[in-house]
Amino acid sequence: MSNPAVPPRSLAEALRARDDVSLAALLRARPDLITPVPTDLTQLATRAGTRASVVRALERLDRFALQTAEALAVAADPASYGELLALLTGDGGDPAVSAALPRALGTLREQALVWGDDDRLRLVRTARELLAPSPQHPSPTGLGPTVQEATAGMSPGRIQDIVAAAGLGSTHDAVSAVASLTALFTDRKRMSALLAGLPEESREVLSRLVWGPPYGQVTADPAAHLRRLLDLGLLVPTAPGTVVLPREVALHLRGGRAHREVEPLPPAVEPAATHRPQVVDATAAGQAYTALATVEELLKDWDEGGPAVLRAGGLSVRDLKRTAVALDVAEPVAAFWVELAYAAGLLASDGEADERYAATPAHDEWLEQPPAQRWARLAEAWLTATRVSGLVGGRDAKDRTLSTLGPGLDRSAAPEVRHRVLTLLAGLPEGASPSRESVLARLRWERPLRGPQREDDLRSRLAEWTLTEAELLGVTGRGALSGHGRALLGATAAPKTPGKAPEGPGDKLPVHHRSTVDAVHRGHAHHGPAGTEPLSPAEQATASAAAARLLAPLLPEPLDHVLLQADLTAVAPGPLQRSLAEVLDVLADVESKGGATVYRFTPASVRRALDAGQSASDLHAFLAAHARTPVPQPLTYLIDDVARRHGHLRVGAASAYVRCDDDAVLNEILADKRAAGLRLRRLAPTVLAAQADPAALLDGLRAMGFAPAAESAEGDVLITRAHAHRTPPRTAPEPVPDGPPVPDATLLSAAIRAIRAGDLASTTPRRQADESLPATGALPRTSSAETLATMQAAVLTGEALWIGYVNAEGAASQRVIAPVRVEGGFVTAYDHTADEVRTYPLHRVTGVAELAEE
């Protein structure tokens, strides 16, 4: 480990000076750094400075931490803490910024974006390149290049002219001239005097450029007030017709501030309305029941095989419209329910040649669960899914339409945004619903690089969809988080008195304990904004079970009765028991839905029940058992009349035939013009033969108003039942991860141990007998005899050795080992790099060297 008294000269040295807790915090915040595990701290530092990793780290900073990094990018390299504070607060100072800066700087240090002591702060080079101003990539600060950068291509004579016009003494070279000009522009007193001598028009030009963009256009023959600015170097030409305001001049005009508006604290999520918690829970429970009924109805509609799968995958627009009509909802809402059932593993494609969507075997198991547990499964699937139904109807990168259940709907940020939005709601007092604007403003502060200035950026759209979908699903009620929604999130109870949401990333709501390095949470900021980390699968299962327990008492009890009315309708005043609902769905048609469902009995619906194997006496007994009102006489007559005619005609296979004891009925069929397509002919007084198949003959006769029954080859009446179509066993779609997963405590501990051991192997001083031995960092090279002799001597003395080793794949590495036994062409040794005893073939050892004595 490095000497803490000596300032680090590189990021690798700064990482080497960290303790294990600090390294664990870094690896949790940037899990891509251990994929795979680095061999040593130098490789870790190199990986931490790669463009892809730095971009990912910058994207996960909050607005103030990012503004701090942007200020460092326009400051001198290195910069002191005081210089950084001055860039953020300006001449007037800002207590809020001063108080928040240590946290922001600590976040940047923890994530290895900044290193060095307070008197020598350095932004990693890749981050500086990304954030520093350039003509191609303007800085969010609105600042331009420094005087030195702006005058880099200017002739020495022109620079001397500017120095002279500014009243400075001439110098012998351009470098000292630029330094003299820079000193003038950074001297507040002299700069104020210089600007005071300018005409008003010149100062107006500077004021238009001061907050950016710093570039302007001038003609070949500029006006006098512009010429004055050019002569003094207050504007510097960068290209023909283009000038730039130097950074030092802009900072003076801004009062030393790098940003126009600094936001050290996140905007609070303010309540827009407040309801009684009991009202919120009841409303959410009612919507949860509706969600269950909607998903059940969707899968019932697809029970015998749903819509066909498009060639490119997904549901066609026409099938989505038909589904929306069947569910009596808008098409975007229908897409949400379909995607939710798919995410929960309740429906999938059947995989057959004529591929269609259908319910999965898991759907039947789901139906047998209590309602609260069924809802918890849907809510958990929604919370963790990366598929986003709100994208349906949009276009992908190849300008193809995104379809429901089709490819291209996964967005890895969706679970984190849903979890974060609900966490913000959980921070409000019970019963309080936030305004959407305040939620979006908070999210934009937490992730400013994801389109903070665009109203249609993905993160904002995900947040809006989350608020809408949470209400549809019953996680929220009247816009406020319900009690069972809070349990689903894994959060504790909300504040009982009015208050604000947690103010900063350090103010995290309590959640179930996470598997991690405890010391990381005790001493260092966690990964991402507060409460953005979704629960682990085991923790989510526990939270879902708790949510189901809270929801169960709020759901309505299923009813075992209906109210029959004289107009051939039945009213279900609430949710029905499953067995009752299933029979009633066959016996009657649903006429209207809502708090009370209205069923209508028709000849076709009664015939459907008879076809399903029920007899007239069965139907009468069923209605008498489940009706709270007397069975109306018209309904009794309807059932008896349909039953009397049901099966009067028999249809079998001839291709098909019709037989009836009443030849007058057969004469009526033959005389009907609608029977022409069936191509009927009389075989006997009571038998007609048809060219159509039995199914078509049955449909044709029913369309003519008859009620035929199907007949088997033995002459028995066939009972036709709806055959449920199921897919083979399917698993729910796996969420698409947002980068490498956050490592758990075991992986962190092993990774840090391996990195430390590898760093020991690469940095331990070696004893050099002569100048021919390799320098530190290169693999040692010795002959086989020297290697064997040194190994055997180390076994006797117990000393550790430094070796070079090439594995079977040809990968070379350095290791520090303590040989225990050498025999049979192998060396058995304790490997300090791997922290375990290993055996190595001697022919793969490139060489060996002794370690320097302490």
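The rules behind each value
- Along each chain, numbering runs from 1 in the same order as the chain's sequence is written.
- Thresholds applied to this predicted model are a pLDDT of at least 70 for local features of residues and 80 or more for the giving and counting of side-chain atom pairs; totals over whole chains, interfaces and linings are not thresholded and use all residues.
- Side-chain metrics rest on all non-hydrogen atoms present in the structure, leaving aside hydrogens and water.
- Put simply, DSSP marks the helices as runs of H or I at least four residues long and the strands as runs of E at least two long, and each gets a number from the N terminus on.
- Each residue is placed in one exposure class: buried if its accessible area under a 1.4 Å probe, protein chains only, is under 20% of its type's maximum, exposed if it is over 50%, and partly exposed if it falls in between.
- Whether two residues touch is decided by their heavy atoms; if any such pair falls within 4.5 Å, the residues are in contact.
- Methods summary: accessible areas were calculated by the Shrake-Rupley approach with a probe of 1.4 Å, and residue burial reflects only the protein chains presented.
- Here, expected helix span is obtained from the residue count minus one, scaled by 1.5 Å.
- Predictor confidence is given residue by residue as pLDDT, running from a minimum of 0 to a maximum of 100.
- DSSP bridges decide pairing: two strands pair if at least two such bridges lie between them.
- Think of a salt bridge as a Lys or Arg side-chain nitrogen and an Asp or Glu carboxyl oxygen that are within 4 Å of each other.
- Under this scheme, a helix contributes an axis fitted over its contacting stretch, all axes are lines through C-alpha atoms, and angles between N-to-C directions fall in the 0 to 180 degree range.
- Put simply, angles under 35 degrees are roughly parallel, angles over 145 are roughly antiparallel, angles from 65 to 115 are roughly perpendicular, and the rest are oblique.
- For a crossing to be left-handed, the near helix must be turned anticlockwise from the far one by less than a right angle; the clockwise case is right-handed.
- A 3.5 Å cut-off defines polar contacts: any pair of N or O atoms within that distance qualifies, except that in protein one atom must be a possible hydrogen donor and the other a possible acceptor, and neighbouring residues in sequence count only when both atoms are side-chain atoms.
- Buried Ala, Val, Leu, Ile, Met, Phe, Trp, Tyr and Cys residues that are joined via side-chain atoms within 4.5 Å together make up what is termed a nonpolar core.

Colleague: So, the overall build of the chain: which residues are in play, and what are the values?
Modeller: When helices and strands are tallied, the chain shows 34 helices and 25 strands. Taking all 854 residues of the chain together, 48% fall into the buried category. Sequence-distant contacts, at least 24 apart, represent 66% of the contacts inside the chain between residues at least 6 apart. Element-wise, carbon and sulfur atoms account for 54% of the exposed surface of the chain, whose accessible area totals about 39,500 Å².

Colleague: Describe helix 16 (residues 277–301), naming the residues involved and giving the relevant values.
Modeller: An ideal rise of 1.5 Å per residue puts 36 Å on 25 residues; helix 16 measures up with 36 Å between its terminal C-alpha atoms. Turning to helix 16, its buried residues number three or more, namely Val-279, Val-280, Ala-284, Ala-285, Ala-288, Ala-291, Leu-292, Thr-294, Val-295, Leu-298 and Leu-299.

Colleague: Describe the confidence of the model for the chain, naming the residues involved and giving the relevant values.
Modeller: Any region with low pLDDT has predicted coordinates that should not be read closely. In this model, the chain carries a mean pLDDT of 84, and residues with pLDDT of at least 70 account for 88%. Every residue in residues 497–531 scores below 50 in pLDDT, and together they form 87 contacts with partners more than four places removed in sequence or on other chains. Scored below 50 in pLDDT, residues 769–776 shows 11 contacts in the model against residues more than four places distant or in partner chains.

Colleague: Quick rundown of the pairing of strand 13 (residues 569–572)? Include the residues and the values.
Modeller: Side chains Thr-569 and Val-571 project from strand 13 onto one buried face, and the interleaved Ala-570 and Ala-572 project onto a second face that is buried too. In this structure, strand 12 (residues 563–565) lies alongside strand 13, joined through three bridges in antiparallel fashion. Within strand 13, the residue paired with Leu-564 across the bridge is Ala-570. Here strand 12 folds back onto strand 13, and the loop between the two strands holds three residues, one of which, Leu-568, carries a positive phi near 65°. Across four bridges, the pairing between strand 13 and strand 15 (residues 597–600) is antiparallel. Directly across from Ala-572, in strand 15, lies its bridge partner Thr-597.

Colleague: Explain the pattern of salt bridges to me, and be specific about the residues and the numbers.
Modeller: Tallying each qualifying case throughout the model produces 32 salt bridges. Where Arg-374 meets Glu-296, a salt bridge forms, and the shortest distance between an N and an O atom there is 2.3 Å. Taken together, the residues span a long stretch of sequence, with Arg-374 in helix 20 (residues 371–384) and Glu-296 in helix 16 at a distance of 78 residues. Asp-611 is the partner of Arg-702 in a salt bridge, and the nearest nitrogen-oxygen pair spans 3.0 Å. A residue pair is termed long-range when its members are at least 10 positions apart, and Arg-702 in helix 32 (residues 694–703) and Asp-611 in helix 28 (residues 603–611) qualify at 91 residues. Asp-611 gets classed as buried once you look at its relative accessible area, which sits at 12%. Shared partners join several salt bridges into a network, and the residues in it are Asp-77, Arg-122 and Arg-128.

Colleague: Quick rundown of the packing of helix 21 (residues 414–426) against helix 23 (residues 458–473)? Include the residues and the values.
Modeller: The geometry of helix 21 relative to helix 23 is characterised by a closest axis approach of 9 Å and an angle of 60° between their N-to-C directions. Looking at the two axes, helix 21 sits oblique to helix 23. Helix-helix and strand crossings are classified by hand; for helix 21 and helix 23 the assignment is right-handed. Residue-level contacts link Ala-414, Glu-416, Val-417, Arg-418, Val-421, Leu-422 and Leu-425 of helix 21 to Arg-459, Leu-462, Ala-463, Thr-466, Leu-467, Glu-469 and Ala-470 of helix 23.

Colleague: Residue-level account of the sheet that holds strand 4 (residues 236–239), with values.
Modeller: Strand order across the open sheet formed by three strands is 3-5-4, with antiparallel pairing between neighbours. Edge positions in the open sheet fall to strand 3 (215–217) and strand 4, since each of these has one partner strand only. Averaged over all neighbouring strand pairs, the angle between strand axes comes to 40°, with direction disregarded. Two elements, strand 3 and strand 5 (residues 242–244), share three bridges in a ladder whose sense is antiparallel. In the strand pairing of strand 5, Gln-217 is matched with Thr-242.

Colleague: Please give an account of the environment of Val-269 that cites residues and values.
Modeller: Looking at where Val-269 falls in the secondary structure, it is placed in the loop between helix 15 (247–253) and strand 6 (271–274). For the pair Val-269 and Pro-434, spaced 165 residues apart in sequence, the C-alpha separation works out to 6.5 Å.

Colleague: Hey, could you go over the sheet that holds strand 12 for me, with residue numbers and the actual values?
Modeller: Paired through backbone hydrogen bonds, the strands of a sheet run either parallel or antiparallel to each other. On the basis of which strands lie adjacent, the open sheet formed by four strands has the order 12-13-15-14 and antiparallel pairing. The open sheet has two edge strands with one neighbour each: strand 12 and strand 14 (589–592). Across the sheet, the mean angle from the axis of one strand to that of its neighbour is 30°, orientation sign disregarded.

Colleague: For the environment of Ala-165, give the residues involved together with the corresponding values.
Modeller: In this fold, Ala-165 is placed in helix 10 (residues 156–165). In this structure Ala-165 comes out as partly exposed when scored by relative accessible area, which is 34%. Linking Ala-165 and Leu-232, residues 67 residues apart in sequence, is a C-alpha distance of 5.7 Å. Leaving out residues up to four positions away in the same chain, Ala-165 has contacts with Asp-231 and Leu-232.

Colleague: Pulling in residues and values, what's your account of the side chain of Thr-476?
Modeller: Structurally, Thr-476 is set in strand 10 (residues 476–477). Of note is the side chain of Thr-476, whose polar atom sits 2.6 Å from the side chain of Glu-471. Apart from the residues within four sequence positions on either side, Thr-476 is in contact with Ala-284, Leu-425, Leu-467, Ala-470, Glu-471, Leu-481 and Ser-482.

Colleague: Before we move on, can you summarise the nonpolar core with the specific residues and values?
Modeller: Core analysis: the largest hydrophobic core is formed by 88 residues, its most contacted members being Phe-64, Phe-185, Leu-234 and Leu-235. The element best represented in this core is helix 5 (residues 63–74), accounting for eight residues. Setting aside its immediate chain neighbours within four residues, Phe-64 contacts Leu-88, Val-97, Ala-100, Leu-101, Arg-103, Ala-104, Val-262, Glu-263, Pro-264 and Trp-445.

Colleague: Give me the pairing of strand 19 (residues 687–690): which residues, what numbers.
Modeller: Of the two faces of strand 19, both are covered, the one formed by Val-687 and Ala-689 as well as the one formed by Leu-688 and Ala-690. Here strand 17 (residues 656–659) pairs with strand 19 via four bridges, running antiparallel. Following the sheet pairing, Ala-656 is matched in strand 19 by Ala-690. Judged from the four bridges that link them, strand 18 (residues 680–684) and strand 19 form a sheet pairing that is antiparallel. Paired with Arg-682 across the strands is Leu-688, a residue of strand 19. Following strand 18, the chain reverses through two residues before pairing antiparallel with strand 19.

Colleague: Explain the environment of Asp-738 to me, and be specific about the residues and the numbers.
Modeller: Within the secondary structure, Asp-738 sits in the loop between strand 20 (709–710) and helix 33 (745–763). Look at Asp-738 and you get partly exposed, because its relative accessible area is 26%. Along the sequence, Asp-738 and Arg-411 sit 327 residues apart, while their C-alpha atoms lie 8.3 Å from each other.

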